[in-house]
Amino acid sequence: MTEQSIILTRLLDKFENSKHLSDPGASRRRVMLRIDKKELPEYKYEDAAIRDAYNEAARMLEAKKMVQLEWVKGRPLLSAVALNLEQVTSSYVMLGKVHPKVQANHISALIDSALAEVSIPWIVAWKKDVCSAATEHLKIPSFCISTYTLLCDLLLSFQEYAALSGSITMRAFSIKCFSDTKYFERNIRDLFLRIAKKYDNALSFACEENNLGEKEQLAFLGIYARPEHYELAGNCLIRTQQGELNINASGRCGLALPSTLIDSITEIKMSSISRVTFIENKTNYDEYIASEKQLGELVVYHGGFLSPQKRRLFTLLANGAGAAT
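About the criteria used
Residues numbered from 1 in each chain as written. Predicted model: local features only at pLDDT ≥ 70, side-chain atom pairs only at ≥ 80, totals over all residues. Heavy atoms only, no water. Phe/Tyr/Trp six-rings, centres within 6.5 Å; stacked < 30°, edge-to-face > 60°. Helix = DSSP H or I, 4+ residues; strand = E, 2+ residues; numbered from the N terminus. Buried < 20%, exposed > 50% of the residue type's maximum accessible area, 1.4 Å probe, protein only. Lys NZ or Arg CZ within 6 Å of the ring centre and 35° of its normal. Core = buried A, V, L, I, M, F, W, Y, C linked by side-chain atoms within 4.5 Å. Contact = heavy atoms within 4.5 Å.

(A) Layout of the packing of aromatic side chains. Evaluation of the coordinates by the stated rule reveals 13 aromatic pairs. Arranged with centres 6.2 Å apart and planes meeting at 90°, the rings of Tyr43 and Tyr54 form a pair that is edge-to-face. On the criterion of sequence distance, the pair formed by Tyr43 in the loop between β1 (32–34) and α3 (48–63) and Tyr54 in helix α3 is long-range, its members being 11 residues apart. The pair Tyr43 / Tyr54 is uniform in exposure class, with both members buried. Through successive ring pairs, a cluster of aromatic residues spans Trp122, Trp126, Phe158, Tyr161, Phe173, Phe184 and Phe192. Geometry around Phe220 places Arg311 over its ring, the cationic atom sitting 6.0 Å from the centre.

Pasting the structure below:
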């Protein structure tokens, strides 16, 4: 980096932390680097070569009307370098940078446009907060300050997630978004979950209550590392879009249902069921159906925290139980 670039970079850093950016016209203080307060530490005036190089660079910037200079009286030493606020845009152009206001407005427009058709509450809440911070306070997420790659990938993930009609495996979701089975997990998953945990109250509560890991958090949102399996034992009939499953035909052993099947279930007939027992632990379930299950009882192994597919299964069971009474 040249001496001119270093001087302008230091000045623009101070500009971005001042009211001149956040509230133009509200402050009359100058944006300046004071040498005696080490605000330009690169200016080592004891070293004649370094001092003269910075002096020359500062004079060149002054000639371009980008800065005003103050000198120590009677000595070839800079006292202060002040930014010319009327040439701020030119300073950003010279450094190859984008003015924070231009960048903030661009990012806000990009997010708003990409998520215009998305109605999932927690994604909408994130969009509202980020766009508001960008347009009102010129603050943008740290992950898109230097490049928009991660932001664009995140927005694509949000779009595809909002378009899902049911659950999906993480590998399939990654292929759907990026044509790569591992890209989502390696590059987007952590940020996706960090936002979801902050804006989805149900997920946040589930994490606090159950200390969910990353894969469990994604499963809560309907993205599975692998499909869940639920097991049912009892005299009930499951109707799907493809046909019927008679759970009673399996005897005391019961049947296992993958979570990917749940969306196609239209009804669970429970006319012969008078009691439903839910068991979280697989070993306890196996022991219970082998020795304690009663006639007229439906036993369900579900494996813990409430995921979207599990919620739908419970709703189907509740509807079936209600219809049977």
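(B) Just the nonpolar core, in detail. Judged by nonpolar contacts, the single largest core of 68 residues is most densely connected at Trp122, Trp126 and Phe192. No other element matches helix α9 (residues 183–199), which puts eight residues into this core. Residues contacting Trp122, with those up to four places away along its chain left out, are Phe158, Tyr161, Phe192, Ile195, Ala196, Tyr199, Asp200 and Leu221. Among the nonpolar cores identified, the runner-up in size contains 16 residues, and Ile238, Ile265, Met270 and Leu298 belong to it.

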